[in-house]
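# Understanding the architecture of this molecule
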Amino acid sequence: MTYRETAAAAGWSTSLAGVWTCLWRGGPLPPLPRGSCLGVLFVLERGVRLERTGGSALRPEAREVLLLTADGWAELESGKNARGLAAAVDRRGGPWPPFSPDLDRAQAMVEARGGGALLQGDAWTEALFSALHGLPAERWGEYGAFKAVELLYLLTAHPAGLSLRNPAGEGYIDPYQVQAVRRAHAYMLSHLEDRLTIQQLSRTFGLSPTLLKSGFRRLYGEPVHRYLRHRRLERAAELLAQSEDSILQVAAAVGYGSASQFGAAFKGRYHMPPSDYRRRARNKMSERED
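How each quantity is defined
- Residues numbered from 1 in each chain as written.
- Predicted model: local features only at pLDDT ≥ 70, side-chain atom pairs only at ≥ 80, totals over all residues.
- Heavy atoms only, no water.
- Axes fitted to C-alpha atoms, helices over the stretch in contact; angles between N-to-C directions.
- Helix = DSSP H or I, 4+ residues; strand = E, 2+ residues; numbered from the N terminus.
- Left-handed = near helix turned anticlockwise from the far one by under 90°.
- Contact = heavy atoms within 4.5 Å.
- Nonpolar A, V, L, I, M, F, W, Y, C, P; charged D, E, K, R; others polar.
- Salt bridge = Lys/Arg side-chain N within 4 Å of Asp/Glu carboxyl O.
- Buried < 20%, exposed > 50% of the residue type's maximum accessible area, 1.4 Å probe, protein only.
- Pairing = 2+ DSSP bridges.
- Core = buried A, V, L, I, M, F, W, Y, C linked by side-chain atoms within 4.5 Å.
- pLDDT = per-residue confidence, 0-100.
- Expected span 1.5 Å × (residues − 1).

The geometry of helix 6 (residues 175-190) relative to helix 9 (residues 224-242) is characterised by a closest axis approach of 10 Å and an angle of 35° between their N-to-C directions. In this structure, helix 6 crosses over helix 9, and the sense of that crossing is right-handed. When helix 6 is examined against helix 9, the residues His-185, Met-188 and Leu-189 are found in contact with a partner set consisting of Val-224, Tyr-227, Leu-228 and Arg-231. Taken together, the residues that form the contact of helix 6 with helix 9 break down as 5 nonpolar, 1 polar and 1 charged.

Now for the pattern of salt bridges. All told, the structure shown has 10 salt bridges when counted by the stated rule. For Arg-139, the salt bridge is made with Glu-142, and the minimal N-O distance between the two is 2.7 Å. Relative accessible area serves as the criterion here: at 38%, Glu-142 is assigned to the partly exposed category. Notably, a salt bridge pairs Arg-231 with Glu-234, separated by 2.9 Å at the nearest N-O pair. Highlighted residues: Arg-231 and Glu-234, both in helix 9, separated by 3 residues, approximately one helical turn. Of the residues examined, Arg-231 reaches a relative accessible area of 17% and is grouped as buried. Overlapping salt bridges, with partners in common, bring together Arg-231, Glu-234 and Arg-269 in one network.

Once that is clear, we can look at the pairing of strand 9 (residues 116-120). The element strand 9 is extensively covered by neighbouring structure, given that 4 of its 5 residues are classed as buried. With 3 bridges connecting them, strand 6 (residues 65-69) and strand 9 associate as antiparallel partners. From the neighbouring strand, Leu-67 faces strand 9, where its bridge partner is Ala-117. Alignment of strand 9 against strand 10 (residues 163-165), held across 3 bridges, turns out to be antiparallel. By the bridge assignment, Leu-118 is partnered in strand 10 with Arg-165.

One open sheet holds the 3 strands; their spatial order is 5-4-7, and the pairing between them is antiparallel. Only two strands of the sheet have a single partner each, and these edge strands are strand 5 (57-58) and strand 7 (77-78). In this sheet, strand 7 lies alongside strand 4 (residues 48-51) in antiparallel orientation, the contact comprising 2 bridges. Bridge pairing links Arg-49 to Glu-77 in strand 7.

What follows covers the sheet that holds strand 6. Judged by pairing direction, the sheet is antiparallel, and its 7 strands sit side by side in the order 1-2-8-3-6-9-10 without closing on themselves. Each edge of the sheet is formed by a strand with only one pairing partner; in this case those strands are strand 1 (13-16) and strand 10. Taken pair by pair, the neighbouring strands of this sheet meet at an average axis angle of 35°, ignoring direction. Where strand 3 (residues 36-45) and strand 6 come together, 5 bridges link them in antiparallel fashion. Its bridge partner lying in strand 6, Gly-39 is registered against Leu-68. Sheet contacts for helix 4 (residues 122-133): strand 3, strand 6, strand 8 (83-90) and strand 9; angle to strand 3, the most-contacted strand, approximately 70°.

Side chains of a nonpolar character, in soluble globular proteins, are inclined to be buried together. Residues Leu-67, Leu-119 and Leu-151 are the most contacted members of the largest nonpolar core, which totals 34 residues. Elements with a minimum of two residues in this core: strand 3, strand 6, strand 8, helix 3 (103-111), strand 9, helix 4 and helix 5 (140-157). Sort the elements by how many residues they give to this core and helix 5 lands first, with 9 residues. Beyond its immediate stretch of four places on either side in the chain, Leu-67 contacts Gly-39, Val-40, Val-110, Gly-115, Gly-116, Ala-117, Leu-119, Leu-151, Leu-152, Leu-155 and Leu-164.

On average, residues of the protein score 84 in pLDDT, and 89% of them reach the 70 mark or higher. Of all helices and strands in the protein, the one with the weakest mean pLDDT is helix 1 (residues 3-9) (47), whereas helix 10 (residues 247-253) scores best (95).

As a further point, take helix 9. Here helix 9 is 19 residues long and its end C-alpha atoms lie 27 Å apart, about the 27 Å a rise of 1.5 Å per residue gives. Residues of helix 9 that are buried: Val-224, Tyr-227, Leu-228, His-230, Arg-231, Arg-232, Leu-233, Ala-236, Ala-237, Leu-239, Leu-240 and Ala-241.

All right, on to the environment of Ser-78 then. In this fold, Ser-78 is placed in strand 7. The exposure class assigned to Ser-78 is partly exposed, which follows from its relative accessible area of 24%. As a C-alpha pair, Ser-78 and Arg-49 span 29 residues in sequence and 6.2 Å in three-dimensional space. Each residue touching Ser-78, except ones within four places of it in the same chain, is listed here: Trp-24, Gly-26, Gly-27, Pro-28, Leu-29, Gly-47 and Val-48.

This is how it looks when you write it as structure tokens:
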């Protein structure tokens, strides 16, 4: 089945290059078409909910607009009476003359708010829904596609007119800070053997320690140190299963200064000592080869 056939089978159709639309009525939302970077949900009837890190949630009312990354879209929940017009924007873009939204910037803006954000722009939003309800239903898809592109253009080129609303109690990090957090994340993964600290990462990537910690948790769902510990132990498990390195060498390769410290951390995650994990992994590999 082709990309177009797969999307059509899930309820999506397209009338504007690079944008898919779907009129959705209750139940789970169809998955975004492959390649989509952002979903725009024009809420017709309330009943959708997006859980947020820290226990807060987004609950848009009728006649509100919700923007979501692919991850945020996948976590969206809905009641049976919820209804909306959804638009999925392809990361490759249009072309959409005369509009040229910066899709990378728009995606970073939504990611900075945990993968989902409500639109703040009462006049634009009210005009959108008033026009939508004045159109025949068969024209809603093309209208929704056009307005999704216009929305992303206004957000990234003329942010004074429209903005994204933060849930109560949540801060904001701008797209440039998001990129700095991403670079810090990539650096961490490529330097698991080094001693990494919040202070060092903050200096290296031009962020305050507070912003690095809050931004990292918002983008990756865990505090920096816990995330780093998990990735180190996952890498250690790979090395134990696939290499001939000693336990001490594996420990050093993932940033632990002693075999005992590494052994305690590894057992806490995998519920067995590194030597037992290696033996079981080798046994399983032998069984598959037989």
